[in-house]
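# Report on the structure
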Amino acid sequence: MNGNFHYLAFGKLHDYEADDTFKYNERRVQRKISSHIYFRTRLSCSSALDLLTTTISHKISQLRSTSAIYLKYTMTKQQISLPAKLINGGIAGIVGVTCVFPIDLVKTRLQNQRQGQQIYKNMMDCLVKTVRSEGYFGMYRGAAVNLTLVTPEKAIKLAANDFFRQHLSKNEKGLTVLKEMLAGCGAGMCQVVITTPMEMLKIQLQDAGRLAAQQIKPASMSPTKLAATRVLSRSYNAGPSTATSALSATQIARELLRTQGIPGLYKGLWATLMRDVPFSMVYFPLFAHLNQLGQPSRDESAPFYWAFFSGCLAGSTAAVAVNPCDVVKTRLQSLNKGASEESYNGVIDCVSKIMRKEGPSAFLKGAGCRALVIAPLFGIAQVMYFIGIGEFILDLSPFN
């Protein structure tokens, strides 16, 4: 990007270009100014030389001043770049989760119910039954933990992708699709540090209503199994669960740490990586290319509505593509099991049991719900980046 410098000589504004490093070619300027002075004023050689010396000195001084201001501005932008991205990602996550969390709850319940034990027929049926049995706020079970951790999760994901893209694009005009996928892969691997424990706690709270509804459906269970499910238990071992007591995410986390340590919070880590890494590898390159289609020119960014549309389409496409991995992750992270629900010993065991007992269609359970959840989440995130909420907040900060 070239910058233009202006100076006023003999009542006329003149432009001279400077390169990105602001190195100034004094000989070129000297010839231009000398020629201009000679032909426009026809001064004597000595007078012209004095005026030339004064003009060049002033010009070089002006250049140095402008260069210093530019460098200071560039350094400041780089310093606030990462905090701004974190703020944008955090706000987008909070707004998005608040809007779509009921659908995410439905997705978890549909993915966890087995063949022959279907309590919910589809998304609308699950929403209606949840509101009837648990009230309006029952649709937001587990939302607190999600709202708490979605800020660092989304911030890490988006900021990590930008970080890897910048490093992979050094000394090149643009990124190849392969490098865009590698950047997305790096972002997906970074985010699981937050995503895995967040999903672990959220799923227990979201699925509690399904387990409770299953226990009050005597037609689907024998008297022996029904009696067994009425025994309250706070054990987190595999096997059929008991009627759910109203546990909070904090209580579940403490119990897991006490009984299993930190690995207890990271159960299903490999399944989470299997979901999030391919998701990021699909989403970020797809969004970049879709968003590029809406740019009026190379130097102009796409309008905000196009950024939103691109985020929604790329997000929903990536979500459906990795839905089988999400089903596996949900099943592995569900600690409490309903009657006749088997437990799994790892990813391979889970995949083989689902394929054998429920068929390939089971891997698409909740795919529609997941697309409806992810699409607005990432659409809102891209709009936040477009508007620059993080930059605006940082500009208002007294520490800026």
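Refer to the structure above for everything that follows.
Below: a short report on this structure. None of these values were measured; they are calculated from a predicted model. (Residues numbered from 1 in each chain as written. Predicted model: local features only at pLDDT ≥ 70, side-chain atom pairs only at ≥ 80, totals over all residues. Heavy atoms only, no water.)

## Examining the nonpolar core
Counting 34 residues, the largest nonpolar core has Val106, Phe279, Tyr283, Ile374, Leu377 and Phe378 as the members making the most contacts within it. Those elements that place two or more of their residues in this core are α2 (45–112), α3 (123–134), α4 (143–168), α9 (269–293), α10 (304–321) and α13 (367–387). For this core, the leading source of residues is α13, giving eight residues. Phe279 has contacts with Lys157, Gly315, Ala318, Ala319, Val322, Arg370, Ile374 and Phe378, leaving out every residue within four places of it along the chain. Formed by 11 residues, the second largest nonpolar core is a distinct cluster that contains Met200, Leu247, Ala249 and Leu335. (Core = buried A, V, L, I, M, F, W, Y, C linked by side-chain atoms within 4.5 Å. Buried < 20%, exposed > 50% of the residue type's maximum accessible area, 1.4 Å probe, protein only. Helix = DSSP H or I, 4+ residues; strand = E, 2+ residues; numbered from the N terminus. Contact = heavy atoms within 4.5 Å.)

## Quick word on the pattern of salt bridges
On inspection of all chains with the given rule, the structure shows 18 salt bridges. For Glu358, the salt bridge identified is with Lys365, shortest N-O distance 3.0 Å. Like Glu358, the residue Lys365 is buried in the burial classification. Bridged by salt links that share partners, the residues Asp104, Lys107, Glu199, Lys202, Arg275, Asp276, Asp326 and Lys329 form one connected network. (Salt bridge = Lys/Arg side-chain N within 4 Å of Asp/Glu carboxyl O.)

## Quick notes on the side chain of Lys202
Along the chain, the position of Lys202 falls in helix α5 (residues 177–215). In this structure the side chain of Lys202 is engaged in a polar contact, spanning 3.0 Å, whose partner is the side chain of Glu199. (Polar contact = N/O pair within 3.5 Å; in protein donor to acceptor, adjacent residues only side chain to side chain.)

## Overview of the layout of surface pockets
Roughly 1,100 Å³ of volume is contained in the largest pocket. In terms of lining, the largest pocket is formed by 31 residues, of which the most central are Asp162, Arg165, Phe287, Asn291 and Tyr385. Among the secondary structure elements, those contributing two or more residues to the lining of the largest pocket are α2, α4, α9 and α13. For the lining of the largest pocket, the class distribution of residues is 12 nonpolar, 12 polar and seven charged. (1 Å grid on protein atoms, 1.4 Å probe; cavity = no way out; pocket = protein on both sides within 12 Å on 5 of 7 lines; lining within 4 Å. Points joined across faces, edges and corners; volume = space filled by probe spheres on them. Nonpolar A, V, L, I, M, F, W, Y, C, P; charged D, E, K, R; others polar.)

## Concerning empty space enclosed by the protein
In this structure the tally under the stated criterion is one cavity of 30 Å³ or more. Here the largest cavity defines a volume of roughly 300 Å³. As for the largest cavity, its lining consists of 23 residues, of which Lys154, Glu199, Arg370, Ile374 and Leu377 are closest to the centre. Here the lining of the largest cavity is composed, by residue class, of 10 nonpolar, three polar and 10 charged.

## Topic: the packing of aromatic side chains
Each aromatic ring pair is specified by the distance between its two centres and by the angle formed by the two planes. Summed over the entire model, instances satisfying the criterion amount to 11 aromatic pairs. Relative to Phe137, the ring of Tyr136 has its centre 5.4 Å away and its plane inclined at 80°; by these criteria the two rings are edge-to-face. Clustering of aromatic rings is evident, with ring pairs tying together Phe279, Tyr283, Phe284, Phe287 and Phe378. (Phe/Tyr/Trp six-rings, centres within 6.5 Å; stacked < 30°, edge-to-face > 60°.)

## A look at helix α7 (residues 249–260)
For α7, with 12 residues, the first-to-last C-alpha span of 16 Å sits near the 16 Å given by 1.5 Å per residue. Three or more residues of α7 are buried, namely Ala249, Ile252, Ala253, Glu255 and Leu256. Down the axis of α7, the buried set is contained in an arc of 165°. They therefore lie on one face. Along α7, exposed side chains directed more than 90 degrees from the buried face belong to Arg254 and Arg258. Residues of α7 that are buried in the fold lie against α4, α5 and α8 (262–265). Positive backbone phi, at 75°, marks Gly261, one or two positions downstream of α7. (Expected span 1.5 Å × (residues − 1). Arc of directions from axis to C-beta.)

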